Amino acid sequence: MSSAALNKKIREINGQLATLVPATQSALAGESTFTVDELRALSRPISEMAPILAATKLAPQDPQVTAQLQTYKAHLRNLQPTLESLRQMLLALRSQLASNQAHLKAASDWAAALSTTQHP
């Protein structure tokens, strides 16, 4: 990939992240909803950058590409605590769901036992 094309691609990804990072932070602050679609949208540019990062490590880059890479890294640094908060929130939600599931199972078992002990 030429330096101009590489610079353009990284700039596009940085533009996506510049929009997605604040939206993700807003969702975690409770100001909006963070759905699976938003998570996929966030992971898409990061996945696209993986092969680009690998390629840029192999060859020296021009200053514009280097600047775009620095911007990308800044987005990742800003995103890291947000993703950690999201991970913790999802773990807590999973624990709550497991607890609720166990409660429902116990109530169901109790109801089944009650119905077998009662006579018509």
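Residues numbered from 1 in each chain as written. Predicted model: local features only at pLDDT ≥ 70, side-chain atom pairs only at ≥ 80, totals over all residues. Heavy atoms only, no water.

J.: Quick one: what's the story with the packing of helix H1 (residues 3-28) against helix H3 (residues 63-117), residue by residue and with numbers?
T.: One can describe the packing of H1 onto H3 by two numbers: an axis separation of 9 Å at closest approach and a directional angle of 25°. Our classification of the angle between H1 and H3 gives roughly parallel. Viewed along their axes, H1 and H3 form a crossing whose handedness is left-handed. (Axes fitted to C-alpha atoms, helices over the stretch in contact; angles between N-to-C directions. Helix = DSSP H or I, 4+ residues; strand = E, 2+ residues; numbered from the N terminus. Parallel < 35°, antiparallel > 145°, perpendicular 65-115°, else oblique. Left-handed = near helix turned anticlockwise from the far one by under 90°.)

J.: I'd like to hear about the pattern of salt bridges, residue by residue, with values.
T.: Enumeration over the complete set of coordinates arrives at five salt bridges. Between Glu 12 and Lys 8 there is a salt bridge; the shortest N-O distance is 3.8 Å. Here Lys 8 and Glu 12 lie together in helix H1, a separation of four residues that amounts to about one turn. As a salt-bridge pair, Glu 84 and Arg 87 come within 2.9 Å of each other at their nearest N and O atoms. Taken together, the residues span about one helical turn, with Glu 84 and Arg 87 both in helix H3 at a distance of three residues. Glu 84 gets classed as partly exposed once you look at its relative accessible area, which sits at 32%. (Salt bridge = Lys/Arg side-chain N within 4 Å of Asp/Glu carboxyl O. Buried < 20%, exposed > 50% of the residue type's maximum accessible area, 1.4 Å probe, protein only.)

J.: Now, about a nonpolar patch on the surface: what can you tell me, with residues and values included?
T.: A contiguous nonpolar patch, built from Met 89, Leu 90, Leu 93 and Leu 97 and spanning about 370 Å² of accessible area, is present on the exposed surface. Locating Met 89 in the fold gives a position in helix H3. Residue class for Met 89 comes out partly exposed when judged on its relative accessible area of 41%. (Patch = residues over 30% accessible without salt bridge, like charges linked within 9 Å, V, L, I, M, F, W, Y side chains within 5 Å. Areas by Shrake-Rupley, 256 points an atom, 1.4 Å probe, with all protein chains shown as cover.)

J.: Explain the nonpolar core to me, using residue names and the numbers behind them.
T.: Ile 10, Ile 13, Leu 17, Leu 42, Met 49 and Ile 52 are the most contacted members of the largest nonpolar core, which has 16 residues in total. Taken together, the elements giving at least two residues each to this core come down to H1, helix H2 (36-58) and H3. Leave out the neighbours within four places in its chain, and Ile 52 touches Leu 6, Lys 9, Ile 10 and Ile 13. (Core = buried A, V, L, I, M, F, W, Y, C linked by side-chain atoms within 4.5 Å. Contact = heavy atoms within 4.5 Å.)

J.: Could you give an account of H1, naming the residues involved and the relevant values?
T.: Look at H1: 36 Å from first C-alpha to last across 26 residues, which is about the 38 Å you get at 1.5 Å a residue. Turning to H1, its buried residues number three or more, namely Leu 6, Asn 7, Ile 10, Ile 13, Asn 14, Leu 17, Leu 20, Val 21, Thr 24, Ser 26 and Ala 27. Once H1 finishes, Gly 30 follows within two positions and takes phi at roughly 85°, a positive value. (Expected span 1.5 Å × (residues − 1).)

J.: Give me the lowdown on the side chain of Gln 68, citing residues and values where you can.
T.: Tracing the backbone shows Gln 68 in helix H3. In this structure Gln 68 comes out as buried when scored by relative accessible area, which is 16%. Once you skip the residues sitting within four places of it in the chain, Gln 68 turns out to touch Asn 7, Ile 10, Arg 11 and Asn 14.

J.: Can you break down the confidence of the model for the protein residue by residue, with the values?
T.: When pLDDT is averaged across the protein, the result is 87; 96% of the residues are at 70 or more. Mean pLDDT values for the elements of the protein range from 86 in H2 up to 91 in H3. (pLDDT = per-residue confidence, 0-100.)

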